[in-house]
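Reading the structure
Each chain, letter by letter, is given below.
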Amino acid sequence: MGSSESSKFACILALILLLESSMQCQAQFSASFYDDTCPNALSTIRTAIRRAISRERRMAASLIRLHFHDCFVQGCDASILLDPTPSFTSEKNAPGNVNSAKGFDVIEDAKSQVEKICPGVVSCSDVLAVAARDASAYVGGPSWTVKLGRRDSTSANQAQVSSNLPRFTDSLQVLIDSFNRKGLSARDMVALSGAHTIGQAQCATFRTRIHGNGTDVDAGFASTRRRRCPATGGDGNLAALDLVTPNSFDNNYFKNLIQKKGLLQSDQVLFAGGSTDGIVTEYSKNPSIFSSDFAAAMVKMGDIEPLTGSAGQIRKICSLVN
């Protein structure tokens, strides 16, 4: 075989190996991942999630947020669910999560139900990803096809929480940069922020905004919010992120921003004369576009650094490494 033919053969072999690698990667991370090994996994998770939200409507927002907080810290690997051990500190106890992140028991319950029918098959990270989708759909939000095949981390990284999660005081540019680092665009960021159409926030996170007499907050809105969030005290008092339809997943969040009624400073900066004003306006006028973009952004977020193949493990209990 001549050198020219050898080169051609080498190129063809390299291409075949590349295609095989790509096919294996797709097989490891796809919507059909459990079709053969645990065909009733998704329906079992859905039942558990619906039951939890029917008991506490706020849980829908908590589960979406829990998935978000997981994916932004060392990828979508269920590290946020781990309790502390002698070898690592828990992400649960980091600022931004402690006394704030909720839904751990709901994910644990859903996982235990799946373990009964398919022990050691479905990862906690996949349970969490599916739970976020089912939570959205249950309260009137969009649904989407969840890629499956994630595996669970064997450690957590508390230090990364504060450096990776957005803060309620962040400027627009800081938010854009934070999401860009995770492979998400400014449009993705605005769409995902729309999850604040449901859920609640603690007084400590919006006190400065409603007591600051700023030009970017509606005076009547601030006055109403001050009733349960005084200048001092009441840090844990809760207020709905969307005062109009707090329990329904819709586009009122964006209408609120245009009226200067965003509860958090990091909400209102999305409509404050900056580069995302047009996106907010578009979503406020067209709920179907917001719904479609939100679903697409959730899929992209679920793609952040998943563990697949032989990496990580399938935890039996989500809060504990096997």
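Note that the structure is a prediction, hence the values are computed from the model and not measured.

In this numbering, the UniProt entry assigns the feature "binding site: Ca(2+) 2" (unreviewed entry) to Thr197, Asp242, Thr245 and Asp250. In three dimensions, the annotated residues from a span of 54 residues occupy one location, with a maximal C-alpha spread of 9.8 Å. Of the residues examined, Asp242 reaches a relative accessible area of 0% and is grouped as buried. Sequence-distant contacts of Asp242, that is, excluding residues within four places in its chain, are made with His196, Thr197, Asp250, Asn252, Tyr253 and Asn256. Tracing the chain through its elements places Thr245 in the loop between strand S2 (238-240) and helix H11 (252-258). Judged by relative accessible area, Thr245 falls into the partly exposed class, the value being 22%. Apart from residues no more than four positions distant in its own chain, Thr245 is found in contact with Thr197, Asp250 and Asn252. Within polar-contact distance, the side chain of Thr245 engages the side chain of Asp242 at 3.0 Å.

Moving on to the UniProt feature "domain: Plant heme peroxidase family profile" (unreviewed entry) in the protein chain. With numbering matched to this structure, UniProt assigns "domain: Plant heme peroxidase family profile" (unreviewed entry) to residues 28-322. Helix makes up 46% of residues 28-322 and strand makes up 2%, while its end C-alpha atoms are separated by 21 Å.

Here we take up the packing of helix H2 (residues 41-55) against helix H4 (residues 104-117). It is at 9 Å that the axes of H2 and H4 come closest, and there the two elements cross at 145°. Read as a crossing pair, H2 and H4 show a hand that is right-handed. Touching Ala41, Thr44, Ile45, Ala48, Ile49, Arg51 and Ala52 of H2 are Val106, Asp109, Ala110, Gln113, Val114 and Ile117, all from H4.

What follows deals with the state of the cysteines. The final tally for this structure, using the stated rule, is four disulfides. Two residues, Cys203 and Cys229, share a disulfide whose sulfurs are 1.9 Å apart. Handedness here is read from the sign of the S-S torsion; for Cys203 and Cys229, about 75°, the answer is right-handed. With a gap of 26 residues between them, Cys203 in helix H9 (residues 203-211) and Cys229 in the loop between helix H10 (219-226) and S2 connect regions that are remote in the sequence. When sorted by exposure, Cys203 lands in the same class as Cys229, which is buried. What connects to what in the protein chain, once the bonded cysteines are numbered by sequence position, is 1-4, 2-3, 5-8, 6-7.

With that out of the way, let us pick up the packing of aromatic side chains. As enumerated under the stated definition, the model contains twelve aromatic pairs in all. Where Phe72 meets Phe179, the ring centres are 5.1 Å apart and the plane angle is 65°; that geometry is what we call edge-to-face. One end of the pair, Phe72, is in the loop between helix H3 (59-71) and H4; the other, Phe179, is in helix H7 (residues 172-180), and 107 residues separate them in sequence. The same class applies to Phe72 as to Phe179, namely buried. Taken together, Trp144, Phe249, Tyr253, Phe254, Tyr283, Phe290 and Phe294 form an aromatic cluster joined through their ring pairs. Cation over ring: Lys182 sits above Phe72, and NZ or CZ is 6.0 Å from the ring centre.

This part is about the pattern of salt bridges. Counted according to the given criterion, the structure contains eleven salt bridges. The partner of Lys92 in a salt bridge is Asp83, with the nearest N and O atoms 2.6 Å apart. Salt-bridge contacts for Asp303 lead to Lys147; the nearest nitrogen and oxygen are separated by 3.1 Å. Placement of Asp303 in the segment after helix H14 (287-302) and of Lys147 in the loop between helix H5 (124-138) and helix H6 (158-164) is noted, with a sequence separation of 156 residues between them. Judged by its relative accessible area of 29%, Asp303 falls in the partly exposed class. Connected via shared salt-bridge partners are Arg187, Glu282 and Asp293.

A few words on the packing of H3 against H5. Where H3 contacts H5, the two axes come as close as 8 Å, and the packing angle between them is 145°. Pair H3 / H5 crosses with left-handed handedness. Of the residues in H5, those touching H3 at Ala60, Leu63, Ile64, Leu66, His67 and Asp70 are Leu128, Ala129, Ala132, Ala135 and Ser136. Within the contact of H3 with H5, the residues separate by chemical class into eight nonpolar, two polar and one charged.

Calculation rules
Residues numbered from 1 in each chain as written. Predicted model: local features only at pLDDT ≥ 70, side-chain atom pairs only at ≥ 80, totals over all residues. Heavy atoms only, no water. UniProt positions renumbered as here; feature names shortened; annotations may be inferred. Buried < 20%, exposed > 50% of the residue type's maximum accessible area, 1.4 Å probe, protein only. Contact = heavy atoms within 4.5 Å. Helix = DSSP H or I, 4+ residues; strand = E, 2+ residues; numbered from the N terminus. Polar contact = N/O pair within 3.5 Å; in protein donor to acceptor, adjacent residues only side chain to side chain. Axes fitted to C-alpha atoms, helices over the stretch in contact; angles between N-to-C directions. Left-handed = near helix turned anticlockwise from the far one by under 90°. Disulfide = S-S within 2.5 Å. Phe/Tyr/Trp six-rings, centres within 6.5 Å; stacked < 30°, edge-to-face > 60°. Lys NZ or Arg CZ within 6 Å of the ring centre and 35° of its normal. Salt bridge = Lys/Arg side-chain N within 4 Å of Asp/Glu carboxyl O. Nonpolar A, V, L, I, M, F, W, Y, C, P; charged D, E, K, R; others polar.

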